[in-house]
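What the coordinates show
The chain contents come next:
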Amino acid sequence: MEMKHHVCRQCGVRLTSDEKAIYMKMVSRSAVDFLCLGCLSEKLGCSRGALQERIRYYRESGNCVLFR
């Protein structure tokens, strides 16, 4: 079985698991296509750094299954 690698639906960059997880956490848990951090930060009107901080928070808290 071939593993499908997700790419940003807006700019086409290859996504990390954290980028997919933060998109699912902040936009839609049932998402099948995603935005990279840069495009997501534009969509949400926040900085890329703010999203990175949120990822770090969820990863360190251990409470969100998307970031394990």
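One structure accompanies this document, and this report is about it. (Residues numbered from 1 in each chain as written. Predicted model: local features only at pLDDT ≥ 70, side-chain atom pairs only at ≥ 80, totals over all residues. Heavy atoms only, no water.)

**Re helix α2 (residues 37-44)**
Note the threshold: Whether a residue is buried, partly exposed or exposed follows from its accessible area with a 1.4 Å probe, protein chains only, as a fraction of its type maximum: under 20%, in between, or over 50%, in that order. Numbered from the N terminus, helices here are DSSP runs of H or I no shorter than four residues, and strands are runs of E no shorter than two.
Those residues of α2 that fall on the buried side of the exposure criterion are Leu37, Cys39, Leu40 and Ser41. Downstream of α2 by a residue or two, glycine 45 has a phi angle that is positive, lying close to 70°.

**Regarding the state of the cysteines**
Covalent bonding between the sulfur atoms of two cysteines defines a disulfide. Stated formally: A pair of cysteine sulfur atoms is labelled a disulfide when the two atoms are within 2.5 Å.
The full count for this structure, using the stated rule, is zero disulfides. Cysteine cysteine 46 shares no disulfide, and the gap to the nearest cysteine sulfur, in cysteine 36, comes to 12 Å.

**Observations concerning helix α1 (residues 17-26)**
We count it as follows: Contacts: residue pairs with any heavy atoms within 4.5 Å of one another.
Along α1, the residues classified as buried are Glu19, Ala21, Ile22 and Tyr23. The inward-facing, buried residues of α1 abut α2 and α3 (48-61).

**Concerning the packing of aromatic side chains**
Worth spelling out the cut-off: When two rings of Phe, Tyr or Trp (its six-membered ring) have centres within 6.5 Å they constitute a pair, described as stacked for plane angles under 30 degrees, edge-to-face for angles over 60, and tilted for the intermediate range.
Going through the model one piece at a time under the given rule, you end up with three aromatic pairs. With a centroid separation of 5.3 Å and an interplanar angle of 65°, the aromatic rings of tyrosine 57 and tyrosine 58 are classed as edge-to-face. You can call tyrosine 58 buried: its relative accessible area is 15%. With a centroid separation of 5.4 Å and an interplanar angle of 15°, the aromatic rings of tyrosine 58 and phenylalanine 67 are classed as stacked. The class for phenylalanine 67 is buried, based on a relative accessible area of 2%.

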